[in-house]
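Fold and contact review
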Amino acid sequence: MSEEPSIFTKIVNREIPADIVAETDDLIAFRDIHPQAPVHLLVVPKTQQYHNVVELAARNPALMASMVALASQLADRYCGGEFRLVFNTGEAAGQTVFHVHAHVLGGGLDEGSLG
Ligand code: 5GP
């Protein structure tokens, strides 16, 4: 893979710090550095080969399903099991990190907060 390591790969590799809340063989989850809701976690595949959710769903639906399952487990732990799952896709939609990630938002959400 010729791409530079993404900011999330650096978190996976402990090259930059993060408040990590869960880790599996394939995924890592940590608190967003700029939370948009009382609970705002990012669930991220350790591989950076999928740039967005469309690529991930087409090429590795099992990994996508495992992201949703981990998001649900974290929502059980941190916000009563109910949550919003957001995948910003494309710059115009607010995506800034092109290493696929799910925003898990919960705990007293305002209408319209999209991570
Ligand atoms: P996007 O805008 O691509 O959907 O989401 C990227 C998210 O990553 C943003 O919500 C941003 O706050 C978060 N983020 C960017 N850099 C870091 C970082 O170094 N640490 C953590 N914990 N979150 C980050």
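Described in the following lines is the structure provided in the data block.

About the criteria used
Residues numbered from 1 in each chain as written. Predicted model: local features only at pLDDT ≥ 70, side-chain atom pairs only at ≥ 80, totals over all residues. Heavy atoms only, no water. Helix = DSSP H or I, 4+ residues; strand = E, 2+ residues; numbered from the N terminus. Expected span 1.5 Å × (residues − 1). Buried < 20%, exposed > 50% of the residue type's maximum accessible area, 1.4 Å probe, protein only. Arc of directions from axis to C-beta. Contact = heavy atoms within 4.5 Å. Salt bridge = Lys/Arg side-chain N within 4 Å of Asp/Glu carboxyl O. Core = buried A, V, L, I, M, F, W, Y, C linked by side-chain atoms within 4.5 Å.

With that out of the way, let us pick up helix α3 (residues 61–79). For the α-helix, the turn length of 3.6 residues means that residues three or four positions removed from each other point alike. In a regular helix each residue adds 1.5 Å, so 19 residues correspond to 27 Å; α3 covers 26 Å between its end C-alpha atoms and thus fits that length. Within the span of α3, buried status applies to L63, M64, M67, L70, A71, L74, A75 and C79. Taken around the axis of α3, the buried residues stretch over an arc of 145 degrees, which confines them to a single face. In α3, those exposed residues whose orientation departs by more than 90 degrees from the buried face are P61, A62, Q73, D76 and R77. Against β1 (20–23), β2 (27–31), β3 (39–45), α2 (53–59), β4 (84–86) and β5 (102–106) lie the buried residues of α3.

Along the polypeptide, D26 turns up in the loop between β1 and β2. Here D26 falls in the partly exposed class, since its relative accessible area comes to 45%. Remark: the alpha-carbon pair of D26 and N60, spanning 34 residues in sequence, is separated by 12 Å. D26 has contacts with V44, P45, K46 and L63, leaving out every residue within four places of it along the chain.

What follows is about the pattern of salt bridges. For the structure on display, the rule yields four salt bridges. For D19, the salt bridge goes to R31, with nearest N and O atoms at 3.2 Å. Here R31 lies in strand β2 and D19 lies in the loop between α1 (7–12) and β1, a separation of 12 residues in the sequence.

Our next topic: the nonpolar core. In terms of nonpolar packing, the biggest core is built from 22 residues, with A29, V43, L56, M67, L70, L74 and F87 touching the most fellow members. When contributions to this core are tallied by element, the ones reaching two or more residues are β1, β2, β3, α2, α3 and β5. Excluding residues within four positions of it along the chain, L70 makes contact with A22, L27, A29 and V43. One finds F8, I11, I28 and V44 within the second-largest nonpolar core, a separate group that totals eight residues.

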